[in-house]
Amino acid sequence: MTVLDETYTLSNGVEIPKLGLGTWFIDDDKAADAVRTAVEIGYRNIDTAQAYGNERGVGEGVRTSGVPRDELFVSSKLAAEIKDYDQAVDAIDGSLVKLGLDRIDLMLIHSPQPWDDFRGGGYDQGNRDAWRALEEAHQAGKIRSIGVSNFQQHDLANILQGATVVPHVNQLLVHAGNTPSELLAYCESKHILVEAYSPIAHGAILQNAQVQAVAEKYGASIPQLCIRYALQLGAVSLPKTANPEHMRSNAEVDFEISSDDMNVLRDLRDVDYGEHSVFPVYSGK
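Owing to the predicted nature of the structure, the values given are computational and were not obtained by experimental measurement.

1. Description of the environment of Pro223
Mapped onto the secondary structure, Pro223 falls in helix H8 (residues 222-232). Classification of Pro223 as partly exposed rests on a relative accessible area of 21%.

Written out as structure tokens, the structure is:
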């Protein structure tokens, strides 16, 4: 048994594999191959989003993977710009059509603000409206679990005001060098599972000598250490890659980081994302 066989259980009883494949930056015409390869290697958790522009390809990969649909966990995300109930309803149905699936295992609100106004204006009402659309799709059986992404404590508290369903998941930028401990604790207190996207810090952390030293202690690569770190925080880890070798090595994380080394990684402050700093979530806005 490897990490690919291990799951967490969401607050509604749905099981989610601990390690998933992120598909950000995988082109639509390459997504089906990437998904089929990942499934062949043993991945059962595939993460996409409307904003990635590859739902069609991801859905094709899922449908043609040769593995029964109920053995795969497929997530997508409502585009960050959608802060309106009717638009959200249409977009949810749009994702089901693009994916070519009769249900989605997890659907998230991609961000509390549109990307072009990240951490800008007030979108509290819009988020509650989008959440209501997700709740209804969940109630109707179109989506097995629902959640949010990039939501801070205020954003979560806003949703919870009128929610009939507490978000099952909050997908966050979490990695050694960027560990939002207070937010993680808050999510845990509400039984909201955290998913860590970009656990390898978009590759920025590969140059960090301190992380390199810790990885060497375990005979692990820096990506393996970073993926293991997210798992030991109790989060789902979602490294993104279309490279089969990386998919394999990312799943070879059957070692245990000591509590001392976990503290070292937790206390790191290293968030230079290089060329990717233009993205709002990486620019610290």
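2. Considering the nonpolar core
With 85 residues, the main nonpolar core has Leu78 and Ile109 as its most contacted residues. The greatest single-element share of this core, amounting to 7 residues, is contributed by H8. Among all residues touching Leu78, those that are not within four sequence positions of it are Gln50, Ala88, Ala91, Ile92, Met107, Leu108, Ile109, His110 and Ala130.

3. Some points on the pattern of salt bridges
Side-chain pairs of opposite charge can arise where the charged atoms are in close proximity. In this structure the tally under the stated criterion is 17 salt bridges. Between Lys30 and Asp27 there is a salt bridge, with its nearest N and O atoms 4.0 Å apart. With a relative accessible area of 48%, Lys30 lands in the partly exposed category. The exposure class of Asp27 is partly exposed, given its relative accessible area of 46%. When the shortest N-O distance is used, the salt bridge between Lys30 and Asp29 registers 3.9 Å. One network of salt bridges, in which partners are shared, links Asp28, Asp33, Arg36, Arg56 and Glu60.

Here is what the cut-offs are and how they apply
Residues numbered from 1 in each chain as written. Predicted model: local features only at pLDDT ≥ 70, side-chain atom pairs only at ≥ 80, totals over all residues. Heavy atoms only, no water. Helix = DSSP H or I, 4+ residues; strand = E, 2+ residues; numbered from the N terminus. Buried < 20%, exposed > 50% of the residue type's maximum accessible area, 1.4 Å probe, protein only. Core = buried A, V, L, I, M, F, W, Y, C linked by side-chain atoms within 4.5 Å. Contact = heavy atoms within 4.5 Å. Salt bridge = Lys/Arg side-chain N within 4 Å of Asp/Glu carboxyl O.

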